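Structural overview for review
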Amino acid sequence: MLWVKAFHIIFVVSWFAGLFYLPRIFVNHAMATEPAEIARLKLMEGKLYRFVTPIAGLALITGLWLWFGFGFAGGWLHAKLALVAFLVVYHFYCGKLVTRFAHDENVRNHVFYRFFNEIPVLILTAVVILVTVKPF
Ligand code: HEM
């Protein structure tokens, strides 16, 4: 079980590296005016999203393995799963934004993306407290 949990944490941390960095690129992209810079940011967004998506899958698979394989239960896990479901929606919305930026169809400004960038921080904080403290 500890090996599964170790890899669960490794995949979760790697997933969050992408979820913290990708919206930051969106902030810069929303402010960018130079064609060369815009082309570089599009490349970075596409590569990062394609890299982090399978890692997100591995974080979820190892989580489900812990849940079903080792009989974890409790209100904390249900609350955690609700937050994880929101995180998965956030992840795929980032994918939609990558496509929108790639087609020069972005309609949001950099201020929106600065707030958007903070959402994973709030979710990570809540999930880590739930899974370690197990308050309910
Ligand atoms: C399908 C999704 C997921 C499921 C079913 C799941 C389930 C679990 C379970 C059963 C454990 C073991 C808890 C224990 O040992 O007390 C665990 C550990 C952990 N999970 Fe998840 N998890 C999922 C996704 C996530 C995500 C998205 C995050 C981060 C936001 C996360 C963060 C953690 C952390 C940090 C631990 C280690 C806690 C510790 O060592 O005490 N998990 N997870």
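**Brief notes about the coordination of the iron atom of the ligand**
Of the protein atoms, only H8 (NE2) and K80 (NZ) coordinate the iron atom of the ligand, at distances of 1.8 to 2.1 Å. Considering all 6 donor atoms around the iron atom of the ligand, angles at the metal cover 83 to 178° and the coordination shape is octahedral. With H8 in helix α1 (residues 2-31) and K80 in helix α3 (residues 75-102), this residue pair connects regions lying 72 residues apart in the sequence. For the pair H8 and K80, one class covers both residues: buried.

**A closer look at a nonpolar patch on the surface**
Taken together, M1, L2, W65 and F70 make up a surface patch of nonpolar side chains, about 440 Å² in accessible area. Tracing the chain through its elements places M1 in the segment before α1. A residue is classified by how much of its surface remains accessible, and M1, at 38% relative accessible area, is partly exposed.

**Thoughts on the site of the ligand**
The immediate surroundings of the ligand are formed by 23 residues, with K5, H8, V12, K80 and K134 found nearest. Between the ligand and K5, the relevant distance is 2.8 Å, taken from an oxygen atom to a side-chain nitrogen or oxygen of the residue. Among the secondary structure elements, those contributing two or more residues to the shell around the ligand are α1, α2 (35-70), α3 and α5 (119-133). In the shell around the ligand, the residues fall into 17 nonpolar, 3 polar and 3 charged.

Reading guide: rules and limits
- Residues numbered from 1 in each chain as written.
- Predicted model: local features only at pLDDT ≥ 70, side-chain atom pairs only at ≥ 80, totals over all residues.
- Heavy atoms only, no water.
- Donors = N, O, S within 2.8 Å, 3.2 Å for Na, K, Ca; no water.
- Tetrahedral: all angles 85-135°; square planar, octahedral: opposite > 155°, others 65-115°.
- Helix = DSSP H or I, 4+ residues; strand = E, 2+ residues; numbered from the N terminus.
- Buried < 20%, exposed > 50% of the residue type's maximum accessible area, 1.4 Å probe, protein only.
- Patch = residues over 30% accessible without salt bridge, like charges linked within 9 Å, V, L, I, M, F, W, Y side chains within 5 Å.
- Areas by Shrake-Rupley, 256 points an atom, 1.4 Å probe, with all protein chains shown as cover.
- Salt bridge = Lys/Arg side-chain N within 4 Å of Asp/Glu carboxyl O.
- Near = heavy atom within 4 Å.
- Polar contact = N/O pair within 3.5 Å; in protein donor to acceptor, adjacent residues only side chain to side chain.
- Nonpolar A, V, L, I, M, F, W, Y, C, P; charged D, E, K, R; others polar.

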